[in-house]
Amino acid sequence: MEVFSFEKKIKHYSSYQKILLAGEGDFSFSVCLARAFGLAVNMVATSLDSRESLMLNYSKAMSNVKELEARGCKVLHEVDVHSMSQHPFLIRVRFDRIIYNFPHAGFFSSERNRLQIWFHQDLVRGFLKNACEMLTAIGEIHVTHKTTFPFSEWKIVELAKEVGLYLVDEEQFSLLDYPGYENKRGAGMCDKTFHVGMCSTFKFAKLLYSSTTSWSGCFGINGPHMQRLHQKFVMGYLNSSSEMHRASYPFSDWEMEKLTKEVGLFLVKEEEFSPWDCSCAASSFHPGTLTISLWSVDIVDMACSYLESLERKKPKHGHKNLRPP
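Residues numbered from 1 in each chain as written. Predicted model: local features only at pLDDT ≥ 70, side-chain atom pairs only at ≥ 80, totals over all residues. Heavy atoms only, no water.

An unreviewed UniProt entry annotates the chain as 25S rRNA (uridine-N(3))-methyltransferase BMT5-like domain-containing protein of Prunus dulcis.

J.: A description of the overall build of the chain should follow, citing residues and the corresponding values.
T.: The number of helices and strands found in the chain is 8 helices and 12 strands. Within the chain, residue pairs in contact and separated by at least 24 positions form 69% of the contacts whose partners lie at least 6 positions apart. Total accessible area on the chain is roughly 18000 Å²; 55% of this is exposed by carbon and sulfur atoms. (Helix = DSSP H or I, 4+ residues; strand = E, 2+ residues; numbered from the N terminus. Contact = heavy atoms within 4.5 Å. Areas by Shrake-Rupley, 256 points an atom, 1.4 Å probe, with all protein chains shown as cover.)

J.: Give me the lowdown on helix 3 (residues 61-70), citing residues and values where you can.
T.: Taken as a whole, helix 3 has its buried residues at A61, M62, N64, V65 and L68. Burial along helix 3 is one-sided: seen end-on, the buried residues are contained in an arc of 160°. Away from the buried face of helix 3 by more than 90 degrees, exposed residues K66 and A70 are located. Buried residues along helix 3 sit in contact with helix 1 (28-37), strand 4 (43-46), helix 2 (51-57) and strand 5 (74-76). Directly beyond the C-terminal end of helix 3, a positive phi value near 95° is found at G72. (Buried < 20%, exposed > 50% of the residue type's maximum accessible area, 1.4 Å probe, protein only. Arc of directions from axis to C-beta.)

J.: So what's going on with the environment of P150? Residues and values would help.
T.: Mapping P150 onto the fold places it in the loop between strand 7 (135-146) and helix 5 (156-162). Once residues within four sequence positions are removed from consideration, P150 is found in contact with E111, R112 and I117.

J.: Could you give an account of the packing of helix 1 against helix 3, with specific residues and numbers?
T.: At a minimum axis distance of 9 Å, the contact between helix 1 and helix 3 shows a crossing angle of 35°. Here helix 1 and helix 3 pass one another in a crossing that is left-handed. Contact with helix 1, carried on its side by S28, S30, V31, A34 and R35, involves N64, E67 and L68 of helix 3 and no other residues of that element. (Axes fitted to C-alpha atoms, helices over the stretch in contact; angles between N-to-C directions. Left-handed = near helix turned anticlockwise from the far one by under 90°.)

J.: Explain the nonpolar core to me, and be specific about the residues and the numbers.
T.: By size, the foremost hydrophobic cluster in this structure holds 32 residues, and its most contacted members are M84, L90, I98, F127, L128, I141 and F204. If you list the elements that add at least two residues to this core, you get strand 3 (19-22), strand 6 (95-101), helix 4 (114-132), strand 7, helix 5 and strand 9 (199-206). It is helix 4 that provides the largest number of residues to this core, a total of 7 residues. Membership of the second largest hydrophobic core comes to 30 residues, among which are F29, A45, V75 and Y181. (Core = buried A, V, L, I, M, F, W, Y, C linked by side-chain atoms within 4.5 Å.)

J.: Requested: an account of the confidence of the model for the chain, with residues and values cited.
T.: For the chain, mean pLDDT is 80; residues scoring 70 or higher make up 69% of the total. Confidence drops under pLDDT 50 across residues 279-284; counting only partners more than four residues distant or on other chains, this segment forms 4 contacts. Note that pLDDT drops below 50 for residues 318-325; the model gives that stretch 13 contacts with residues more than four away or on any other chain. (pLDDT = per-residue confidence, 0-100.)

Below is the structure:
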């Protein structure tokens, strides 16, 4: 992606994000995102199938792959989600979003069978474990999954906790949000669609603190532990300076103005910041809404402090010592 290209979005996803798509069937979901972005140079799309099996199993797979490659997307075949973090191309890459739509281990028995559910859980657990190692610090893993019985028995939120992830959000999934996406069976009659029914996109992020703490809901970037850590860092940095900072929640909870007052600074001006204003401001994360705040030393506060110090240094008898402390 060019540094100064305009951001384009579709539902949860942005052209600014580094996106990995796992377990793609005929790659129609990847194509949907790529068309929304115009270019797909920040995307990597993978499937377990070989290129040859794609041609046999999916009628539109090769045309979708060719379109993705023409838009700059990297397409990888024969990528197993159980070991994708060790793939030669992926081992050193980190992603802002890792997406797996409707994971399925294949049909071994009835969907209600406990052994069948175990196979599905093993697949999801393996994916989440690998995806966790491939995330950026503020990245998210998205799993779209049916929420009705027996699919609810997969308990993917609990599986995520096992590998150090927490649930950021659960949002109802709709095919209408992704024009051109065709959800394929992927096993047996591969090229056939299936009834989506009630399903959700589960968004997971890394736990940044140990789950042994007694606090509830304190994990991740929104938790009080992280707020205090960020505040401590800012307190150590602030001097007479300018500070660029995200203005949206949870970053707004850092209470920047309050922190600066504690170290004798006052807010001169706050204005919206745009990466386009700085030719060298390219970033690997989506900046969102930013403000740049200009801080200066609080002269009034300094003067008061100085006068107080003079008062303390007055000789008990005789003249006043007027030299500065």
